[in-house]
Amino acid sequence: MKKSFRLLSYSAAAVAVAFSLSAHAQDEETPQVADDATDVADDFANNAIIVTATRRASPLSDVPIAVSAVTAASLQNSGANDIRQLNQLAPSLLVSSTGSEANGAARIRGVGTVGDNPGLESSVAVFIDGVYRSRTGAGLTDLGEIERIEVLRGPQGTLFGRNASAGLINIVSKSPEFELGAKGEITYGNYNFWRAAASITGPVSEQVALRLDGVWSQRDGFMDLVDGTGTKIGEANDRDRYFLRGQALIEPNDDLSIRLIADYTNRDESCCAATYISTRETIPGATPGTAVDSPTTNRIVQILNAIAPNSAPMTPTPYARESYITPGRDYGSKLKDWGISGEINYDFGGAKLTSITAYRDYKSKDFGDYDYTAADILYRDPNTFRQFKTFTQELRLQGSAFEDKLDWLVGGYYANEKLTLRDNIRFGADYGKFATCRLLTASFPVSPPNGAFPYALCGIPIDGNPLTPDIGNLIAGAGLGPLTGAVTALATIPADTGDVDTRYHQKSENWALFTHNIVHITDRLDLTLGLRYTHESKDFSADINNNNATCAALQANPTLASIIAAGPGPANPAFPAVGGLLSLACLGNSSSGLNALDLNDNISDGELSGTAVLSFKPNNQTLLYASYSKGYKAGGYNLDRFELGNTGLNSLSSNPAFPYYSARSASDAPTLRFAAEKVDAFEIGMKYSTRKWSANIAAFRQEFTDFQLNTFNGTSFVVQNINGCSEALGAGGTCGNTKPGLVSQGVELELTASPIRNVRITGGMTYAEAKFAKRLVGSKDGQTPLDPALFLLPGNTNSNAPELVTTVSFAWTPEIGSSGLSALFYFDGRMTSDYNTGSDLFPEKNQDGYDVWNARVGLRGPDERWAVEFWGQNVFNQKYTQVAFNSPLQGSGSSAAVQAGALPNATQLFSAYLAEPRTYGITLRGKF
């Protein structure tokens, strides 16, 4: 109640400030009557940003939805080449990337789809020139010449072909022009950064104009790759890419317009390296409910350093920007993304028809060291890839009726996407040693002092040989003598064991019918009604080809069978170790026993969504509105390769205590499903605009049911549909009465001012609380308990959801004398409060608040025909992480679990993908 009152207070205060500013501005300006069209049109021509967020070209101040519009000039000044730099200009937006830029994540108002899992579409949709891009990573590349970018906040579906539950990023490129012109620029910066961009446009006849854009960029890596001796052996997170886009605009007459676009993107980079941020072990403190660092070195660090000396640091120094790597396991990130589209607009006189047809082929290959340590534990080989082949067709017909009292729009949308995933994580040469040492040290409640356990034995070359007598004696001393043969098999598991050519396929078909209508009740009062029906079907199949014979042999081992049959008890001390043994030998779906499976499944779903908006203009400068929207994002399949083995195909095992013991069957495939995500959104807002300044304010509340949460637990991505529970949880963590599991509510404020000639100032503030319910379950029916890895979620804030974000930008372009020269002085900043970067909210993944500033100064010639600019991004070299995660296989638990008394100790190591450091350089620009 207190928090709701606080949010309401913030909303009321912000509205009061906005109204007082409105009243003050009206006192200073001459009041305008409703039919003063000339003056208003003049305002639009000189100052207003025109957007198409409602599929009608309108001034931003007249659009009754929460939308941020970023112009080409703002993008250029900020140095934005992809959507990630929009963070500096749109406070409600946060874009980041992790292990692969192929699957970046975007969040609006603290809500989005996170994690490198190709089975999930984003809650924040990305459109480029009207064409839906099914994964956010499509925007993490050079975009060429851009007209503007619109960030629509809240559910979308009755205006754009594809629906989105949290928001939408609409990127509009510059179209061909019927006047000859060309632009070019070249940039050089630190890290040996080079970027060249050029465009040319012009007519080939009175009816046809062409345009060609090209961008090439190259840069050294931000991360040094080091081996166990600390010697630099390479670089990662570099840049080597190019982009081409060709367009044709055909206008045979005033009624018909055809725009054809073809584009191609190529990336061949080393991405993405991570670095350790925490390697401590935590144990219970002297005071109940507390956790402290263990006085001894984390056992996982001891194991890693015994296998490969200096492969894991005792005290991490992440911003030395060094990433441990096994020599020969270099990172690779190769992308080929191309597509063609055609947009046809035909004006019938009383109605306008729009058709957008597109085909896209997106293929990304991301491989290399997967454990981020000098020990050779896990890796992806270069044959891995993910590919999306997508066909989309959108039709819209819109017009006016009843003497312009109704602006109507009806449309249809169809999409067909074929996804192929080949994800072949394999065991490295040190995996057997690492797994064996992890198994044998598990009996210690806390890490023993260095030397108390013979960690040096982990470094003995036992591959292909029986265990040494010392390790055999250790096994016998622990009462695990019957497992000697099984442990020998684990210790000698061959290098390169894993997937040979395993592929997962998903075919999606989506069609929708939608309508969006504006009823002009009076000259100043409008009612907007939108409705959409979406139908989605997905077919899943998998063809497994794996060479891990060790797992299959252990599953058939009669000794293990007898130990399991005997059950737990003092007379059977080997029983607890069998689960860990089988888990390590059969990690993920790494088993030749799966090769005969024929995995197939399909889902089909339909949903109504829509919107209703009431808007009122008390005067020509002010717009008030209130809205309700119902959003939807389709369900699908968890396509994480490890999930197929860990919690998917094993969940129906005949012995739940030992999921890797029983054989899997094709009937397990449905356990990989996750349900559609739905949201109910409420919003009130006000927009005020004059010649010199404008203000937009919105208060919102968004209630998500079946929120699709994707979490990496150190081994696999766990996907659950998060729902709240309206009553006390029942037996096993179930619930009989569910409610929305995630609620995002808050206030947004955007200001733009031009107080004097050649000065433009913008500012924004977003206060958002994106919090989970206090009691959570993992399904809408309440019968799936919350995954144990997510025990911190109830009552806490969603990951990557800072409560407070403010942005500011300042541009001054003073004229220099009467020669036509002008200068540029520009800076922008983003200030962010604390937030957690991990979906499981482990405290080790917390990111303290920070601020990032960019700056640019330059000299421009007459009509800006040439320019010289010096620029810097992250000029104060702010150090922060994009995403922190559990280092793969390297320990378990969190200090929070120890603090809660759920674990005697936590050994999990944590790594992170770092944000970019300070960059600076010079840009030369010219045009005619």
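Note: the structure precedes this text.
Residues numbered from 1 in each chain as written. Predicted model: local features only at pLDDT ≥ 70, side-chain atom pairs only at ≥ 80, totals over all residues. Heavy atoms only, no water.

J.: So what exactly am I meant to see when it comes to the overall build of the chain here?
T.: Scanning the chain for helices and strands turns up 12 helices and 51 strands. Counting every position in the chain, which comprises 928 residues, the buried fraction comes to 59%. Carbon and sulfur atoms make up 58% of the accessible area of the chain, which amounts to about 34,900 Å² in all. (Helix = DSSP H or I, 4+ residues; strand = E, 2+ residues; numbered from the N terminus. Buried < 20%, exposed > 50% of the residue type's maximum accessible area, 1.4 Å probe, protein only. Areas by Shrake-Rupley, 256 points an atom, 1.4 Å probe, with all protein chains shown as cover.)

J.: Explain the packing of aromatic side chains to me, please; I cannot follow it from the model alone.
T.: Given two aromatic rings, one states the distance between the centres and the angle between the planes to describe the pair. Overall, the coordinates contain 29 aromatic pairs when judged by the stated rule. Between Y191 and F222 the ring centres are 4.8 Å apart and the planes differ by 90°, which places this aromatic pair in the edge-to-face class. Of this pair, Y191 sits in the loop between β11 (181–189) and β12 (193–203) while F222 sits in the loop between β13 (208–219) and β14 (223–226); the two residues are 31 residues apart in sequence, bridging distant segments of the chain. Judged by relative accessible area, Y191 falls into the partly exposed class, the value being 28%. On the basis of relative accessible area, F222 is assigned to the buried category, the value being 7%. (Phe/Tyr/Trp six-rings, centres within 6.5 Å; stacked < 30°, edge-to-face > 60°.)

J.: Would you mind going over the packing of helix α5 (residues 431–441) against helix α10 (residues 575–585) with me for this structure?
T.: Each pair of packed helices can be summarised by the angle the axes make with each other and by the distance between the axes. Running from N to C, α5 and α10 cross one another at 165°; their axes reach a closest spacing of 10 Å. Relative to α10, the element α5 lies roughly antiparallel. In the crossing of α5 with α10, the sense of the turn from one axis to the other is right-handed. Taking contact as the criterion, the partners of Y431, A435 and L439 in α5 are, on α10, A577, G580, L581 and L584. (Axes fitted to C-alpha atoms, helices over the stretch in contact; angles between N-to-C directions. Parallel < 35°, antiparallel > 145°, perpendicular 65-115°, else oblique. Left-handed = near helix turned anticlockwise from the far one by under 90°. Contact = heavy atoms within 4.5 Å.)

J.: Honestly, the sheet that holds strand β9 (residues 146–153) in this entry has me stumped. Any pointers?
T.: Read from one edge of the open sheet, 5 strands run β3-β9-β10-β7-β8, paired in mixed fashion. Single-partner strands in this sheet number two, and they are β3 (67–71) and β8 (131–133). Ignoring strand direction, the axes of neighbouring strands in this sheet form an average angle of 20°. Taken together, the 7 bridges between β9 and strand β10 (residues 167–173) define a ladder with antiparallel strand orientation. Bridged to I149 within β10 is I171. (Pairing = 2+ DSSP bridges.)

J.: Mind showing me how you'd approach a positive patch on the surface here?
T.: Side chains of K363, K389, K418 and K507 sit close together on the surface and give a patch of like positive charge. Here K363 is to be found in strand β23 (residues 351–369). On the basis of relative accessibility, which here comes to 32%, the residue K363 falls in the partly exposed class. (Patch = residues over 30% accessible without salt bridge, like charges linked within 9 Å, V, L, I, M, F, W, Y side chains within 5 Å. Salt bridge = Lys/Arg side-chain N within 4 Å of Asp/Glu carboxyl O. Lys, Arg positive; Asp, Glu negative; His and termini not counted. Charge placed at Lys NZ, Arg CZ, Asp CG, Glu CD.)

J.: Mind showing me how you'd approach the nonpolar core here?
T.: Note on soluble globular proteins: their nonpolar side chains tend to be buried together. Formed by 61 residues in total, the largest nonpolar core has its most connected members in L304, I377, L378, Y431, F434, L483 and L560. Ranked by residue count, the leading element in this core is α10, at 7 residues. Once residues lying within four places of it in the same chain are set aside, the contact partners of L304 are Y276, S311, A312, T373, A375, I377, F434, Q890 and L909. Counting 42 residues, the second largest nonpolar core, distinct from the first, contains L786, L792, A811 and L841. (Core = buried A, V, L, I, M, F, W, Y, C linked by side-chain atoms within 4.5 Å.)

J.: Sorry if this is basic, but what is going on with the sheet that holds strand β15 (residues 232–236) here?
T.: One key point about sheets: their strands pair by backbone hydrogen bonds, in either a parallel or an antiparallel sense. Across the sheet, which stays open at both edges, the 3 strands sit in the order β15-β14-β21 with mixed pairing between neighbours. With partners counted over all chains shown, the strands left at the sheet margins are β15 and β21 (322–324), one partner each. Averaged over all adjacent pairs, the angle separating strand axes in this sheet is 35°, with direction ignored. Across 3 bridges, β14 lies against β21 in parallel orientation. For D224, the partnering residue across the bridge sits in β21 and is E322.

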